[in-house]
Amino acid sequence: MGFFNSGLFWFIEGILACLAVRGIKIWAEDRGLILRWWKWLYVVAWFTLAGFTLAFIGTSLGENEPIAALRGGILFGIITIILGVGGWRWLTLSKRKN
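About the criteria used
- Note on numbering: residues in each chain are counted from 1, in written sequence order.
- Thresholds applied to this predicted model are a pLDDT of at least 70 for local features of residues and 80 or more for the giving and counting of side-chain atom pairs; totals over whole chains, interfaces and linings are not thresholded and use all residues.
- Hydrogens and waters are ignored; side-chain quantities use all the structure's heavy atoms.
- In DSSP terms, a helix is any run of H or I states spanning at least four residues, a strand is any run of E spanning at least two, and both are numbered starting from the N terminus.
- Atoms counted for the radius of gyration: C-alpha only. Globule rule: 2.2 Å times the number of residues to the power 0.38.
- With a 1.4 Å probe rolled over the protein chains alone, any residue whose accessible area is under 20% of its type maximum counts as buried; one over 50% counts as exposed, and the rest are partly exposed.
- Residues count as neighbours in contact if any of their non-hydrogen atoms are within 4.5 Å of one another.
- Every accessible area reported is derived by Shrake-Rupley at a probe size of 1.4 Å, with residue values counting cover from the shown protein chains alone.
- Here the positive residues are Lys and Arg and the negative ones are Asp and Glu; neither His nor the chain ends is included.
- For the purpose of locating charges, the reference atoms are NZ of Lys, CZ of Arg, CG of Asp and CD of Glu.
- A residue's pLDDT is the predictor's confidence in that residue, given on a scale from 0 to 100.
- Salt-bridge detection follows one rule: a side-chain nitrogen of Lys or Arg within 4 Å of a carboxyl oxygen of Asp or Glu.
- Side-chain atoms alone can form a polar contact between residues adjacent in sequence; in general such a contact is a pair of N or O atoms within 3.5 Å, and within protein one must be able to donate a hydrogen while the other accepts it.

## Things to note about the overall build of the protein chain
1) Next: Tallying secondary structure elements over the protein chain gives three helices and zero strands in all.
2) Next: Reading the protein chain from its N end, one meets helices and strands in the order α-α-α.
3) Next: Over its C-alpha atoms the protein chain spans a radius of gyration of 17 Å, topping by over 25% the 13 Å that the globule rule assigns to 98 residues.
4) Next: Dimensions along the principal axes, computed over C-alpha positions, put the protein chain at roughly 50 × 35 × 20 Å.
5) Next: In the protein chain, buried positions account for 19% of the 98 residues.
6) Next: A separation threshold of at least 6 residues defines the contact pool for the protein chain, and within that pool the share at least 24 residues apart is 56%.
7) Next: Of the accessible surface of the protein chain, which amounts to about 7500 Å², a share of 73% is contributed by carbon and sulfur atoms.
8) Next: Treating the 10 positive side-chain charges of the protein chain as one cloud and the 5 negative ones as another, the clouds have centres 19 Å apart.

## Concerning the confidence of the model for the protein chain
1) Next: On average, residues of the protein chain score 88 in pLDDT, and 93% of them are at 70 or above.
2) Next: Helix 3 (residues 66-97) is the least confidently modelled element of the protein chain, averaging 88 in pLDDT, while helix 2 (residues 37-62) averages 91, the highest of any element.

## A few points about the pattern of salt bridges
1) Next: Inspection of the entire model under this criterion finds one salt bridge.
2) Next: Lys 25 is the salt-bridge partner of Glu 29, the closest N and O atoms lying 2.5 Å from each other. You can see Glu 29 and its partner Lys 25 sitting in helix 1 (residues 7-30), four residues apart, about one turn around the helix.
3) Next: Classification of Lys 25 as partly exposed rests on a relative accessible area of 35%.

## A short note on the side chain of Thr 92
1) Next: The residue Thr 92 is located in helix 3 in this model.
2) Next: A relative accessible area of 15% means that Thr 92 is categorised as buried.
3) Next: A distance of 2.9 Å separates a polar atom in the side chain of Thr 92 from the backbone oxygen of Trp 88.
4) Next: Setting aside chain neighbours within four positions, we find Thr 92 in contact with Trp 27 and Leu 33.

Next comes the structure, spelled out in structure tokens:
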């Protein structure tokens, strides 16, 4: 558990987060999408929700609460999937109109 509290872990985590943001920017440019600040805000909020969902499941399992992990995973997972699909269609909607 000490590795996850170390500076090395968070350094690697920061590098991966920067690569993910850069990847989204390159993906949008390749498809001709213009990501305004409010679309970036939506992307960050969705990734936060997805991270919360995984953290909830992992924490519940770590606390030996498999029923809470299952129920919360289903609830938050469905919300995350619905907002992810809706957000995907919303982000690519501007390209289809042009």
